[in-house]
Every structure is written in C-alpha cells, then in structure tokens.
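Notes for the structure review
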Amino acid sequence: MASLPNGTAAAAGSSGGRPVDKEVDFANYFCTYGYLYHQKEMLCDRVRMDAYHSSVFRNAPHFEGKVVLDVGTGSGILAIWSAQAGARKVYAVEATNMAEHARELARANGVADIVEVIQGTVEDVELPEKVDVIISEWMGYFLLRESMFDSVICARDRWLKPDGVMYPSHARMWLAPIRTGLGDKKMEDLDIAMDDWNLFVQDTQAYYGVNMNALTKAYRAEHEKYYLKSAIWNNLHPNQVIGQPAVIKEIDCLTATVDEIREVRAQVMLPISLEGARLSALAGWFDVHFRGSAQNPAVEEVELNTAPDEQGGTHWGQQVFLLTPPVKVSKGDSVNVSFSMVRSKENHRLMDMEFTYELHEFSGRKHPAITTKMYLE
Ligand code: SAH
C-alpha cells in the first residue's frame, strides 16, 4: 500500500496524543483507497503480489480450517487468497466503499460463504470470535508513512488468539548512502522558481507600487522545503548504492506497540565501498518477512523486499533524502548518520525527519557534522 500522493499536507489528526479527527482522516487519507484505479496500482505490483501470494499458498497449514482477519482488505485480494488456501472463515475489514467491490469479487470467485466483508474501520469493528491469523498490507513509503500499522496493532490486541500468527510477521527499515542526479535537478528547479519570484517582485513594484522583497526569504524557504527537504520517490538502480546499507529499525509485528513505532531513532555507520563517488543522498526503504511465529513457524519463509532492484522495483520505490551540497567520498570512508523520524504535528500519517551526518575519511580525518531536516509528505 502507498497512498497520499507526495505533497499532501492537509491536517489529519495529530501525533501529540490528541484524537484523530475521523472526518478529516477520511477526506485526506482513506479517500484514494475508494478508487479502483488506486487498488489496481497495488494489484499490479508484481513483487508485492508474488510475496503475499507465496506467503499464503506456501504456508497453507496456517490457513487450513483457520479464522483469518484481513485488516484493510481493499479489493479483497488477500481475503480471497486466504479462503482459497483453506480458511474456514475470513473477516475482511475495509474502511472505504471499496468494501462493496470486495464483496462482489468474493462472490464472483466463489468464496462469499467464507469471506465476510465488513465495512468500517478495524478500530471500531466487532467480530464474533478471535482469529488465528491477521493478514494485512499496511506498509507505506519508508514503511511507516500513513501510520496504518497502528490499526494492525489495534486489531491484533483486540482479536488475535494468543497463539495467532501475523502476516507479515517482521519488518525492517533500511538506510543507505547513494549517488543520484536528482539533487542537481532540484537545485535547478529551485533556481528557476527564484528567478521567477524575482521577476514578480520587480513587476509588482513597477506596476502596483508595492515592494514584495520582504517576502523573498520566506518564499525561498518554502521552496527549499519543497525541492530539497522533501523525500523524493525513486526506483533506484542498485549501482547507485555506493556503500553498505544499514538497518535502522526492526519490528516484530506480533509484539510491537504504537509507542515503539511513534518515533524511530538510530545511529549507524555507513561504510563507502565505491572509489571516488559523490555522496549526494541517503536512501530509505523497507522489507517485510513472513516467518509465522515461534509457536507456529512458517513452512517456508517469504520476503518482500523494496530495496533498489535491477528488475525495476515496486510501487513503493525508495525514498531519496538529498544531502546538499553533495560530498566527495572514497572507498574506505564512512558516514556516521544519526537519524530521527517522528510524526508530523499537522498530520499523524506524515513524517518529519532529522539527519545528522558526519564524514569520516579513511585517513582518519573527520568532517564537521551537518544537520538537516527532511519531510516525508
Ligand atoms: N489488502 C489490499 C489493500 C491494501 S491497501 C491489498 O493488499 O491489495 C490498505 C487498505 O486498508 C486500503 O484499502 C485502506 O482503505 C484500508 N484501511 C486502512 N486503514 C484502515 C482501518 N483502520 N480500518 C479499515 N481499513 C483500513
């Protein structure tokens, strides 16, 4: 899953413990999931589809005769697979009107007697029984954007049996040093925007007698945030990764709490492995695993990986965090990165990040640390 086109900045609740305004959340977040074109985008992601399909059908014993809860069923695909794999009952919960399409699809595929589609948020739903499996595709850009895992945690705490299994069972966030021309392009875009502003200031003075220059700084700050400090979606080629990626967060889906994911903080050393490269950004991505649980291990472990891939990747791509200006690095150097990510105050489904990075040359020379804010919007 990955909704909320980059740049959506409208308010939807808060990270600060204030309740989320449901109507606002529906307007800003859920609305896109009500469209088949958006569900189709996810259904066309082969990496995503193959991983979930394999996870279910190669682990049929987890499903045969079992009760399953599909959190955010969308078109109903995971619920239908669960039924085809032998589930006795599948509760398929979906907040949007897509629920009606899911019902229709379950009927058309002969599993309407097993798949019960319930329209509503999983936080509010009442089920007649506890479930053996919770399956959900809740991952947003850089794993946690959209904050949908909160809903999965809520569903797990309310409805999963003590020996129940989570699909997926584990998730990880990764960070890597990369080279990319995206920063140069964004700098150009910023220059063009500022040239245009300067002409506007001149014209407004000439024609209307008001000097707008007092706002130039604010206009620049607004555009720097947009062009340079917003995460950029990109499907990178593996040869753009110039050093060793590092795990910055590991989540056990069976035990994680909202407090554990509300903030992500990490300090990692990223060794550079390419000679004479230009470190122009850090990139973030995630993977998830379907391992079952200690009590109920998977027959065959399946991985869904969204790392840079020659085959073209996934609809999640990777998130590129520009380092401006870029830094020249050599093989043997390393970049020390302190990372923090918290939910945006205006919209709990978007993320505010801070990176402090410090180049340690192979020779022992340490460059001064640079701190930059980044926004995953
Ligand atoms: N399971 C489908 C859709 C995944 S997209 C698939 O794999 O193709 C995530 C879906 O979860 C969206 O349709 C969204 O509307 C729904 N969703 C998100 N949060 C929810 C919540 N709290 N309760 C119910 N549905 C939710």
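Just above sits the structure.
Residues numbered from 1 in each chain as written. Predicted model: local features only at pLDDT ≥ 70, side-chain atom pairs only at ≥ 80, totals over all residues. Heavy atoms only, no water.

Brief notes about the packing of aromatic side chains
Inspection of every chain in the model, using the stated rule, returns 16 aromatic pairs. A centroid spacing of 4.8 Å and a plane angle of 65° characterise the contact between Tyr29 and Phe30, whose relative ring orientation is edge-to-face. Here Tyr29 and Phe30 have matching classes, each one buried. Consider the rings of Trp138 and Phe149, whose centres lie 4.2 Å apart with planes at 35°: the pair is tilted. Placement of Trp138 in the loop between strand E4 (131-136) and helix H6 (149-159) and of Phe149 in helix H6 is noted, with a sequence separation of eleven residues between them. Among the aromatic side chains, those forming a connected cluster through ring pairs are Tyr52, Phe63, Tyr167 and Phe290. For Lys225, the ring lying beneath its charged end belongs to Tyr375, and the centroid distance is 4.2 Å. In this structure, Arg349 is placed above the aromatic ring of Tyr29, and the distance from its NZ or CZ to the ring centre is 3.6 Å. (Phe/Tyr/Trp six-rings, centres within 6.5 Å; stacked < 30°, edge-to-face > 60°. Buried < 20%, exposed > 50% of the residue type's maximum accessible area, 1.4 Å probe, protein only. Helix = DSSP H or I, 4+ residues; strand = E, 2+ residues; numbered from the N terminus. Lys NZ or Arg CZ within 6 Å of the ring centre and 35° of its normal.)

Comments concerning helix H7 (residues 182-208)
Given a rise of 1.5 Å per residue, 27 residues ought to cover 39 Å, and the 38 Å separating the end C-alpha atoms of H7 matches this to within 8%. Buried residues of H7: Leu182, Gly183, Asp189, Leu190, Ala193, Met194, Trp197, Val201 and Thr204, and no others. Buried residues along H7 sit in contact with helix H8 (216-228), strand E7 (232-234) and strand E12 (318-329). Gly209 lies just past H7 and shows a positive phi near 70°. (Expected span 1.5 Å × (residues − 1). Contact = heavy atoms within 4.5 Å.)

Examining the site of the ligand
Every one of the 23 residues lining the ligand counts as a neighbour, but Arg48, Gly72, Glu94, Val122 and Glu123 are closest to it. A distance of 3.1 Å separates a nitrogen atom of the ligand from a polar side-chain atom of Ser151. For the ligand, whose free accessible area comes to 570 Å², the fraction covered by protein is 100%. Sorting the residues of the shell around the ligand by element identifies helix H2 (36-43) and helix H4 (77-84) as the ones contributing at least two each. Broken down by element, the residue count for the shell around the ligand peaks at three residues, all from H2. Split into classes, the residues belonging to the shell around the ligand amount to eleven nonpolar, eight polar and four charged. (Near = heavy atom within 4 Å. Polar contact = N/O pair within 3.5 Å; in protein donor to acceptor, adjacent residues only side chain to side chain. Areas by Shrake-Rupley, 256 points an atom, 1.4 Å probe, with all protein chains shown as cover. Nonpolar A, V, L, I, M, F, W, Y, C, P; charged D, E, K, R; others polar.)

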